[in-house]
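# An overview of the molecular structure
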Amino acid sequence: MIQNVGNHLRRSDPQPAAPCAHAPWKVPPPPEPSDLSSDAASSGRASLIFQAQPASVLALLTLGGVLDLHIRLSHQPGLSSVFSSRSARKSASRAEKDGGAMAAGEGYRNPTEVQMSQLVLPCHTNQRGELSVGQLLKWIDTAACLSAERHAGCPCVTASMDDIYFEHTISVGQVVNIKAKVNRAFNSSMEVGIQVASEDLCSEKQWSVCKALATFVAHRELSRVKLKPITPRTEEEKTEHSVAAERRRMRLVYADTIKDLLANCVIQDDLESRDCSHTVPAEKTRVESVELVLPPHANHQGNTFGGQIMAWMENVATIAASRLCRAHPTLKAIEMFHFRGPSQVGDRLVLKAIVNNTFKHSMEVGVCVEAYRQEAETHRRHINSAFMTFVVLDADDQPQTLPWIRPQPGDGERRYREASARKKIRLDRKYIVSCKQAEMPLSVPWDPSNQVYLSYNNVSSLKMLVAKDDWVLSSETNQIRLYTLEEDKFLAFHLEMLVHVDATQAFLLLSDLCRRPEWDKHCRSVELVQQVDEDDAIYHIISPALGGDTKPQDFVVLASRRKPCDNGDPYVIALRSVTLPTHRETPEYRRGETICSGFCFWREGDQLTKVSYYNQATPGFLNYVTTNVAGLSSEFYTTFKACEQFLLDNRNDLAPSLQTL
C-alpha cells in the first residue's frame, strides 16, 4: 500500500533532512498482532495501516498508495463531530489501556536491566580533566556484560559493538549513569542496549552522553548454550525486540558490505589536488604499544574484558591523533567493530595505531590488536580492528581545521582511500539508521553505498509502526477490520484479515509486486527496475488518474522482504520511496511518495494466515481529515477482499523465482 501524495503537497511541505548526531538508531516499535486489540488477536485477522500527508488533492492511497480515498472537506454533514468522536474513542481507549498497564505493571522493571553509577575522579580523567573515553568504555562493557549474564545465567563475552557517537563530555565530580538491558536473545547471542547519561550533582542537570548496542555470546564449558527468549512487555521493549532482528542481520553482512563498497564504488578523494604546504607524513603518527594481560584485566573466565581492550585501543589512537595535530584531540565516534577471538591472562597484546586520513575538521585513526602467548612465537592472533574519529576543539568547543596527512605509497594510500569511503558509509549509516522518522525525506537517493542501510530503515520503520499500542478500531466489515492511529502529527491506517492460505505462500505471492494489477484495480502497471539482491528490489508503479486529475500517478519504491527470524515473528514486505537517476519525475505523471508501508504475515495455523497491511506518511495530513474514516472503509474493504481472492486463487501457483526468497 503506497501513500498517495501529490506534487503540490510534497513541494509545499518539505521535510528537513538533518542528520541526527546520536548513537546507533533506536527504532520505534511495530504493532504486534496482540497489540491491535484482544478480539483481533484472538481471531487472527490481517491488517492494513495507512498514514497520509497533507495535499491539495485530498486523497489517500491504500494497499501501496494506489487506492484513492476521496476525502471531502465540504458537502458532508456532521463531519467535524464524527471526527471528534473518533478522537474521543481513541483518547478513551488510551486512558483505559494506560490505567490497566499502570495497575498491572506498577513498578515494573526489566528483569535484565542493570544500572551503574560512577563518580568521576581525577584518576579517571584525561589531560583536560574530562572522563577518559577508554574508562567510559570499560564501564559500558561491564554493565552490558552483567545484563547479558543476568539473562543467560552463565558467563558471557563481548562479540561486537555498534557505532558509538559521543554527544557530551563528562567532567571531574560529575556522575556517570549507565543503564543496560537485553533487547533480544537469539540462539547463543543477545543484543544489549546501553544508555549513558551524565549528572551534575550541584546543579541537578543531566545530559545524554551516548547510546550503544553490544552483542554478547553466552559461553559454557561443558554444554552448548541455548538462551531463553526475551518476553517484551512495554511498547519500547517490543520495539527494540522486533528491530533487534534487523540490526542483527545488518551486523552479519557488515564486513561483506564494506568490502563490496570499497571494491565497487568510485571513491572520491582529493589526494592530488590538496594543498600540501602543510602536511604531516602518516608514518609520523604511527604508534605501537604492548600490554601484558594480568588478572585485573580479565573476567571470571580468565578472558580479557572487551572494555579493557577498547580502553587500550582508545589510548593508542589518541596518541596517534595527537601526533598529527600537536594538541589534545577529542574522540567523537567509534565505528562498528567485532572481536575476532578471545585473549587470556598471560597474553601479550600488541596495539598498533596510525592516522589513515584527515578531513577538514576530523581525522580517522585505525587501530589493530594482535595477541601472542610467548615471546618466541612468530604467529600472532588478530583480536580486533577499529576505526575512531577524532576532532580538535578550540576554546569555544568548535572543531579546528586539521593539517593534511601525506600517506605512504602502497598500503598507506590504500588506507587513505578506504578511509574516504568509510567516511561516506558512516555518514549514510548515521543518517539513515540514526535519523528520526520525521527527519527522513520522503524519497532517499539510492546508490550502492547506502542500500544496506536503506533496506534496514525500510523494514525497521514498518516494524516500529506495527508495535504501536494505540490502534483504535474504526470499522469492521465481514471480518475485515480497519484501525486508525493518531500520534503527534501522524495519521495511520491498518487493515487486518484472516486468509485460508499458508503464510509462506501469501508472503511469496504478494512479494511479487509485478502481479499487483491482478488484484488491485488502482494499480495500472508495475515494472521491476532493479533486483538489488534476493531480499530487495526497486519497482516503478503507475496508477490511473484520480478524481478530476488528468495525469496518472507514479511511484518509485524499494521493496524489502524478510522471513521470520524466530517463532512468532512475521513475514515482512516493507515499501518506501527512493529516487533513481533513471526514473526521474516527468511531466507525464504526478510523482507520489510513501515513507513507510507494507505487509506483515503471521502464521495462525495450518493453511491459516493473518495478513496485515500498514501505511505511514509524512506529517500534516491530520489537519485535513474532517470526515469519518469508517465511512471510507468500503474502498479498503473492496480492495482487500480482492487481495484475499487473489491469494486463494493462486495459492498453489508460485513463481519459481520467488521460491528462493
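Residues numbered from 1 in each chain as written. Predicted model: local features only at pLDDT ≥ 70, side-chain atom pairs only at ≥ 80, totals over all residues. Heavy atoms only, no water.

## Concerning the overall build of the protein
Selection rule: The helix and strand labels rest on DSSP assignments: H or I over at least four residues marks a helix, E over at least two residues marks a strand, and numbering proceeds from the N terminus. Residue burial is assigned from relative accessible area. The probe radius is 1.4 Å, only protein chains are included, and a residue is buried under 20% of its type maximum, exposed over 50%, and partly exposed in between. Residue contacts are defined here by distance: any two heavy atoms, one from each residue, within 4.5 Å place the two residues in contact. Surface exposure here means Shrake-Rupley accessible area, sampled with a 1.4 Å probe, where a residue is shielded only by the protein chains that are shown.
Helices and strands together make up the secondary structure of the protein, namely 12 helices and 28 strands. The proportion of buried residues among the 661 residues of the protein is 57%. Here the analysis covers contacts within the protein between residues at least 6 apart in sequence; of these, 75% occur between residues at least 24 apart. With an accessible surface of roughly 27,400 Å², the protein has 51% of that area assigned to carbon and sulfur atoms.

## Examining the packing of helix α6 (residues 235–252) against helix α10 (residues 451–466)
Threshold: Only the contacting stretch of a helix is used when fitting its axis, a line to C-alpha atoms as for every element, and angles between N-to-C directions run 0 to 180 degrees. By definition in this entry, angles of less than 35 degrees are roughly parallel, angles greater than 145 are roughly antiparallel, angles of 65 to 115 are roughly perpendicular, and the rest are oblique.
Axis separation between α6 and α10 bottoms out at 9 Å; the angle between their running directions is 170 degrees. By the angle between their axes, α6 is roughly antiparallel relative to α10. Packed against α6, whose contacting residues are Ser242, Val243, Ala245, Glu246, Arg247, Arg249 and Met250, the element α10 presents Val452, Tyr453, Ser455, Tyr456, Val459, Ser460 and Lys463 at the interface.

## Description of a nonpolar patch on the surface
We count it as follows: Within the patch definition used here, like charges are joined within 9 Å and nonpolar side chains (Val, Leu, Ile, Met, Phe, Trp, Tyr) within 5 Å, considering only residues with over 30% relative accessible area and no salt bridge. Each reported salt bridge corresponds to a side-chain nitrogen of Lys or Arg within 4 Å of a carboxyl oxygen of Asp or Glu.
A cluster of nonpolar side chains, contributed by Leu119, Leu121 and Leu201, occupies part of the molecular surface with about 260 Å² of accessible area. Examined against the element boundaries, Leu121 turns out to sit in the loop between β4 (114–119) and α5 (133–152).

## Examining the confidence of the model for the protein
Keep this limit in mind: Scored between 0 and 100, pLDDT is the confidence that the predictor attaches to each residue.
A residue-level look at the protein finds 74% of positions with pLDDT of 70 or above and a mean pLDDT of 78. For residues 1–92, every residue scores under 50 in pLDDT, and the model assigns this stretch 376 contacts once sequence neighbours within four places are set aside.

## Notes on unusual backbone geometry
A positive phi angle, near 50 degrees, is found at Asn478, a position not held by glycine. Within the element layout of this structure, Asn478 appears in the loop between β19 (472–477) and β20 (480–487). The backbone phi angle of Gln607 is positive, close to 55 degrees, even though this residue is not glycine. Along the polypeptide, Gln607 turns up in the loop between β27 (596–605) and β28 (608–616).

## Remarks on the pattern of salt bridges
Per the stated rule, a full pass over the model turns up 27 salt bridges. With its nearest N and O atoms 3.5 Å apart, the salt bridge here joins Arg109 to Glu113. A residue is classified by how much of its surface remains accessible, and Arg109, at 46% relative accessible area, is partly exposed. For Glu113, a relative accessible area of 13% gives the class buried. Residues Glu518 and Arg515 are paired through a salt bridge, measuring 3.0 Å at the closest nitrogen-oxygen approach. Residues joined in a network through salt bridges with shared partners are Asp162, Glu191, Glu240, Arg247 and Arg251.

## Section: the sheet that holds strand β12 (residues 330–334)
Where we set the bar: When DSSP finds two or more bridges between a pair of strands, those strands are recorded as paired.
Taken together, six strands build an open sheet; the order of strands is β6-β12-β16-β15-β14-β11 and the sheet is antiparallel. Two strands bound the open sheet, and with one partner strand each, they are β6 (164–165) and β11 (287–292). Two elements, β11 and strand β14 (residues 348–358), share six bridges in a ladder whose sense is antiparallel. For Val290, the partnering residue across the bridge sits in β14 and is Val350. Together, β11, β12, β14, β15 (363–372) and β16 (381–391) form the strand contacts of helix α8 (residues 306–325), whose direction differs from that of β14 by roughly 40 degrees.

## Points about the pairing of β28
The buried count for β28 comes to eight of nine residues, which makes it a mostly enclosed element. Pairing analysis gives seven bridges linking strand β21 (residues 490–499) to β28, with the strands arranged antiparallel. When the sheet's bridge partners are listed, Met497 is paired in β28 with Val611. As paired strands, β27 and β28 are joined by nine bridges and run antiparallel to one another. The residue bridging Arg603 from the neighbouring strand is Thr609, located in β28. Where β27 folds back onto β28 in an antiparallel hairpin, the turn is made up of two residues, including Gln607, whose phi is positive at roughly 55 degrees.

## Quick look at α8
Quick reminder of the rule: By this rule, a helix spans an expected 1.5 Å times one less than how many residues it contains.
Compared with the 28 Å implied by 1.5 Å per residue over 20 residues, the 29 Å span of α8 between its first and last C-alpha is a close match. Of all 20 residues in α8, 16 are buried; the element is thus mostly enclosed. Downstream of α8 by one or two residues, Arg326 has phi in the positive range, about 55 degrees.

## Overview of the sheet that holds strand β13 (residues 337–338)
In space, the six strands of this open sheet follow the order β4-β7-β8-β9-β5-β13, with antiparallel pairing throughout. Each edge of the open sheet carries a strand with a single partner, namely β4 and β13. Two elements, strand β8 (residues 189–199) and strand β9 (residues 206–218), share 11 bridges in a ladder whose sense is antiparallel. Residue pairing for β9: Ser189 is matched across the bridge by Val217. Taken strand by strand, α6 contacts β5 (156–161), β7 (175–185), β8, β9 and β13, and its axis lies near 75 degrees from that of β7.

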